[in-house]
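Next come the chains, spelled out residue by residue.
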Amino acid sequence: METLIQNCRIIDGTGAPAYTGCVGFDHSRIRIFRGNDLPAAKEYIDANGSTLVPGFIDAHSHGDLTLVSPYATLSKLNQGITTQIAGQCGVSLFPTKIDSPDVFQRFVSGIAPYPDLPVDLNMLESAAGFNRWLETLGSPITTKSFVGHGTLRLWAMGYENRKPDQTELQRMQNMLRRCIREGALGLSTGLVYAPSCYAENEEILALLRVVHEEGAIYATHPRNEGDRVVEARSESIRLAMEADVPLCVSHLKAAGRQNWGKPRAMLAEFDKAIERGLNAIIDCYPYTAGATSLNVSIPPGYFSRGMTGLLEALKNPTEREIIREEMSRQSDYDNYVYNSGGFSGVYVSSCPIDHSAEGMFISDYAKRQNMDAFDAYCDILIRNNGLGLGVYFHMSEDDMVEILSHPRCVLGTDGLIGRPGENPHPRAFGSTAHAYDLLVRKKKLLTPEQMIYKMSGQAAEFFGFTSKGRILDEMDADVLLINPDAFLDTATYPNGASLSKGIERIFIGGKQISLPQIS
Ligand SMILES: [Zn+2]
């Protein structure tokens, strides 16, 4: 036995009650000891009554986009995340082809301003190369990725706003099948982002048939999270049931004050589908603000000519006036700015080139510049080549708490992150501790065991990780020693990168690791 941790309370990640025992690490695997008959070990650790929990699983991480960044690694590890599910919302790092690296880079930058890519983009031809690259990085965090439908469509047919022809569809199906066989979790859609949003349900269903045949999973960011969120979420359930695939409902929410309260109906429909045999989970982050690209509020039609086309439209006075009018009202597409109550509800989190608006609400920034808020927004986009991340204050806490405490909801950070010095959404650094504090301590809706289950074993069961997320014999020794009373987030909207408290030690594969130092 390499290590023996004695005198600890164990919450094993299955939802079972905590118990006192000893845990050994035998060649990176867990061994449990309940009695007094203990083996010899090279190293003994006295836990002093602290609690041992499984390393947390981030069920919705986007961590594949920042695999090299120590800052991104810190954001996960500081809150106890040792495994992350990635490639959601239609965006994965594979498949791609090297004859269009700029287009691919800009596509990925849409949600991660500084994506980490291998020097040799050939590696991202399919899931196998991505996994090989992942291994060379030696990250302490285990990453498993979906095939993003946007990435797949971009690979097959660029930004074309039309149906795929038979050959294109077949190429997508074949590549999806290949990636799943090479270890991808299934298909993710991001039906508000171009080019995923150009797909009709017929195309999604054709791809889900492959997901079904390969025994994989469907994760979806739906077509709408605002005024038509109920219909959009029903559509995902219908597609998953029709294709007979397990469904991961990505970041369930209802954006926009006029839509608050709708999650109750969505959860009821979800429960009915479960009763009818659907295998599904929900992921959710514990905050009332979301974060995504700043450009997401521009009507989707403007993206069909790529980022260059979008920038031209913003610079053209006539087109700018049309966009202003479309963005000022409720419309067919998911208008994030409208749903945040206008530009006073949109906070600029990070920008890749011109940082002058970072850390401010767009309305405040506009006042400071003596400008109209919409024009200030356009100028921020133009100065940053159309990119940047915004934090959108558009949800209700009651809805969020109701979703998170649902027995089929697991925790996902959705933690997109920029560079050190920029201010991320606090979910990137604080989600696990914030959720624990909110649901266990403040609202008293869940027991510590139930909350830990949501952050470990429940996701492991759904995603089929047979050796992660639980403290049982033979599982991977990815565990945390925590003081539950002190487990608390300190990340806030003004200071999003502040570290969580209460995690005393982190072990991955049986080895204690320390947090990366960020200079
Ligand atoms: Zn999403």
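Keep in mind it's a predicted model, so treat the numbers as computed, not measured.

Another aspect to go through is the overall build of the protein chain. Scanning the protein chain from N- to C-terminus turns up 17 helices and 20 strands. Over its C-alpha trace the protein chain gives a radius of gyration of 22 Å, about what one expects of a compact globule, namely 24 Å for 519 residues. For the protein chain, the spread of C-alpha atoms along the three principal axes comes to 80 × 55 × 45 Å. Out of the 519 residues in the protein chain, the part that is buried amounts to 56%. Partitioning the contacts of the protein chain with sequence separation of at least 6, the portion at a separation of at least 24 is 77%.

Inspection of the secondary structure assignment puts S328 in the loop between α10 (317–327) and α11 (336–339). When the 13 C-beta atoms within 10 Å are taken as the criterion, S328 is described as partly exposed. As for S328 and Y338, which are separated by 10 residues in sequence, their C-alpha atoms are 6.5 Å apart.

In terms of domain boundaries, the protein chain breaks down into domain 1 (3–54 + 472–513) and domain 2 (293–393). Once you take the C-alpha centre of each, domain 1 and domain 2 turn out to be 45 Å apart.

Quick look at the nonpolar core now. Within the largest apolar cluster, 170 residues are counted, with the highest numbers of intra-cluster contacts made by L52, L176, V211, Y218, I362 and Y377. Counting contributing residues per domain, this core is built from domain 1 (3–54 + 472–513) and domain 2 (293–393), each supplying no fewer than three.

Spatial ordering of the open sheet is given by β14-β16-β15, a layout of three strands whose pairing is antiparallel. Because the sheet does not close on itself, it has two edges, and the strands there are β14 (289–293) and β15 (346–350). Between one strand axis and the next, the sheet turns through 30° on average, direction left out of account. Across five bridges, β14 lies against strand β16 (residues 389–393) in antiparallel orientation. Paired with T292 across the strands is G390, a residue of β16.

Attention now moves to the environment of S196. Relative to the helices and strands, S196 resides in the loop between β10 (186–190) and α6 (201–213). Sequence separation between S196 and G148 is 48 residues; the distance between their C-alpha atoms is 8.7 Å. Apart from the residues within four sequence positions on either side, S196 is in contact with G90, H149, G150, R153, T189, G190 and L191.

With that settled, consider the pairing of strand β3 (residues 29–33). With five bridges connecting them, strand β2 (residues 19–26) and β3 associate as antiparallel partners. The partner of G24 across the bridge, within β3, is R31. Hairpin remark: β2 followed by β3, antiparallel, with two residues in the connecting loop; positive phi at H27, about 45°.

What follows is about the packing of helix α5 (residues 166–181) against α6. Close contact between α5 and α6 brings their axes to 9 Å; oriented N to C, the two are set at 35°. The two elements α5 and α6 meet at a crossing, and its hand is right-handed. Contact residues: L169, M172, Q173, L176 and R177 in α5; E203, A206, L207 and V210 in α6. Of the residues in the contact of α5 with α6, the class split is six nonpolar, one polar and two charged.

Let us look at the sheet that holds strand β11 (residues 217–221). In spatial order, the strands read β9-β10-β11-β12-β13-β17; together these six strands make up an open sheet with parallel pairing. Across the chains shown, the open sheet's two edge strands, defined by having one partner strand only, are β9 (147–148) and β17 (409–411). Where β11 meets strand β12 (residues 247–249), three bridges bridge the pair, whose relative direction is parallel. Looking at β12, one finds that Y218 is bridged to L247. Those strands touched by helix α14 (residues 397–404) are β13 (280–284) and β17, and its axis lies near 140° from that of β13.

Below, the discussion takes up the environment of I298. For I298, the position within the fold is in the loop between β14 and α9 (306–315). Given 24 C-beta atoms within a 10 Å radius, I298 is considered buried. Residues I298 and P448, 150 residues apart in the sequence, show an inter-C-alpha distance of 42 Å. Those residues in contact with I298, other than ones at most four positions away along the chain, are L310 and I323.

Compared with the 21 Å implied by 1.5 Å per residue over 15 residues, the 21 Å span of helix α7 (residues 229–243) between its first and last C-alpha is a close match. In the core, the buried residues of α7 are packed alongside α6, β11, β12, α8 (262–275) and β13. Just beyond α7, the residue with positive phi is D244, at close to 55°.

Angle between the axes and distance between the axes: these two values describe a pair of packed helices. Put simply, α9 and helix α13 (residues 373–383) touch, their axes get as near as 10 Å, and they point 140° apart. Taken together, the axis directions place α9 and α13 in an arrangement best described as oblique. Relative to α13, α9 is oriented so that their crossing is left-handed. The segment α9 lies against α13, with L311, L314 and K315 engaging C378, L381 and I382.

Cut-off values and rules
Residues numbered from 1 in each chain as written. Predicted model: local features only at pLDDT ≥ 70, side-chain atom pairs only at ≥ 80, totals over all residues. Helix = DSSP H or I, 4+ residues; strand = E, 2+ residues; numbered from the N terminus. Rg over C-alpha atoms; globule rule 2.2 N^0.38 Å. Buried ≥ 20, exposed ≤ 12 C-beta atoms within 10 Å, placed from the backbone. Contact = placed C-beta atoms within 7 Å. Domains from an automatic or database assignment. Core = buried A, V, L, I, M, F, W, Y, C linked by C-beta atoms within 7 Å. Pairing = 2+ DSSP bridges. Axes fitted to C-alpha atoms, helices over the stretch in contact; angles between N-to-C directions. Left-handed = near helix turned anticlockwise from the far one by under 90°. Nonpolar A, V, L, I, M, F, W, Y, C, P; charged D, E, K, R; others polar. Expected span 1.5 Å × (residues − 1). Parallel < 35°, antiparallel > 145°, perpendicular 65-115°, else oblique.

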